[in-house]
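Here is what each chain is made of, one letter per residue.
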Amino acid sequence: DAMRGAAQRGDAIRRVDYVGAVAFVSGADSVVPVTDAVSAYEVDGGFLRMQGRINGTGVYQYEDEDGNTWGELRLAEHVFADGVIEAWKLSPLTDDHPDEFVTADNWAELAKGTLGADVRPDEAREYTLADIACNDADLIAKVKGGKKALSCGYLTKLVEQPGEHNGVAYRFIQTEYVPNHVSVVDEARGPGCEFIIDGVRSVRSRPPQSTDGDSKDMRTKTKIKVPK
């Protein structure tokens, strides 16, 4: 009911989505976005550079505290819209998701790095690829210690339009993305839907089999806050 009300009112829904893990490599020349991993390497000064997927397309299944479930479709035409890709460029990197979205007023407190200016769809138009700079010593140490998952924070508006995509049912279509930040989160919180925030949890639903070598059951966790 909350999601239907938000869709009918045209409210922006606050979301965070987990995707991928960090794998260290020997040097910048060998860093390429592959499978569901985010490649990472150090540069002079101890800074950490990462490349890989920050989000994707497909149906996401959501579950609330009462056990109600529904699917939401992320279409390439919305995920990779020119304005959306442009807005992800140079977005802040945070250590976990902050209680509030990042703004110019709290940037100095929350930002631990940034995305680069090279943000683009992958060749298959399934995922958003990005360069990421982690410049905070404490967060770099955490990543090296195993905190190695990425999660996007953004706003989206829902359109209630039930259907099926690649064999997976959905109730809403996500539209009008407004990117805010990417966070480094604990891999221990996933995969699966054990990571619960604001009473809503989710797992990304994909077809059970893959022929392209990618992981098609990659898990995604999301938090939702419906503005009053």
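This one's a predicted model, so the numbers in the text were calculated from it and none came from an experiment. (Residues numbered from 1 in each chain as written. Predicted model: local features only at pLDDT ≥ 70, side-chain atom pairs only at ≥ 80, totals over all residues. Heavy atoms only, no water.)

**Some points on empty space enclosed by the protein**
Condition: A cavity here means a set of 1 Å grid points, computed over protein atoms only, where a 1.4 Å probe fits but cannot escape. A pocket is an open set with protein on both sides within 12 Å along at least 5 of 7 lines, and lining residues have an atom within 4 Å of a point. Grid points are joined across faces, edges and corners, and a volume is the space filled by probe spheres set on the points. Helix and strand labels come from DSSP, where a helix needs a run of H or I of at least four residues and a strand needs a run of E of at least two; each type is numbered from the N terminus. Just so you know the grouping, Ala, Val, Leu, Ile, Met, Phe, Trp, Tyr, Cys and Pro go in nonpolar, Asp, Glu, Lys and Arg go in charged, and all remaining residues, Gly too, go in polar.
Evaluation of the coordinates by the stated rule reveals one cavity of 30 Å³ or more. Roughly 60 Å³ of internal volume is contained in the largest cavity. Every residue lining the largest cavity is listed: Asn-55, Arg-74, Val-79, Val-84, Trp-88, Tyr-154, Tyr-177 and Pro-179. At the level of elements, helix 3 (82-88) and strand 10 (168-185) are the ones that each hand at least two residues to the lining of the largest cavity. Residue classes in the lining of the largest cavity are distributed as six nonpolar, one polar and one charged.

**Quick look at the pairing of strand 3 (residues 48-56)**
Threshold: For the exposure calls, accessible area comes from a 1.4 Å probe over protein chains only, and a residue counts as buried if that area is under 20% of its type's maximum, exposed if over 50%, partly exposed in between. In short, DSSP must find at least two bridges between two strands for them to pair.
With eight of nine residues buried, strand 3 is to be regarded as a mostly interior element. Strand direction decides the pairing type here: strand 3 and strand 8 (residues 127-134), joined by eight bridges, are antiparallel. Residue pairing for strand 8: Leu-48 is matched across the bridge by Cys-134.

**Here's the deal with unusual backbone geometry**
In this structure, Arg-125 takes a positive phi of about 55 degrees despite not being glycine. Inspection of the secondary structure assignment puts Arg-125 in the loop between strand 7 (111-121) and strand 8. Positioned with a positive phi, Asn-166 is a non-glycine residue whose angle comes to about 50 degrees. One can find Asn-166 in the loop between strand 9 (149-165) and strand 10. Owing to a relative accessible area of 51%, Asn-166 belongs among the exposed residues under this scheme.

**Considering helix 5 (residues 137-144)**
Inclusion rule: Starting at the helix axis, one direction is taken to each C-beta atom, and the arc is that of these directions. Any pair of nitrogen or oxygen atoms within 3.5 Å is treated as a polar contact; in protein, a donor-acceptor pairing is required on top of that, and neighbouring residues in sequence qualify only through side-chain atoms on both sides.
Of the positions making up helix 5, those classed as buried are Leu-139, Ile-140 and Val-143. What you see down the axis of helix 5 is that its buried residues fit within an arc of 105 degrees, all on one side. Exposed residues lying more than 90 degrees from the buried face of helix 5 are Ala-137 and Asp-138. Sitting at the amino-terminal end of helix 5 is Asp-136, which places a side-chain oxygen 3.2 Å from the backbone nitrogen of Asp-138. Gly-146 sits one or two residues past helix 5 and shows a positive phi near 120 degrees.

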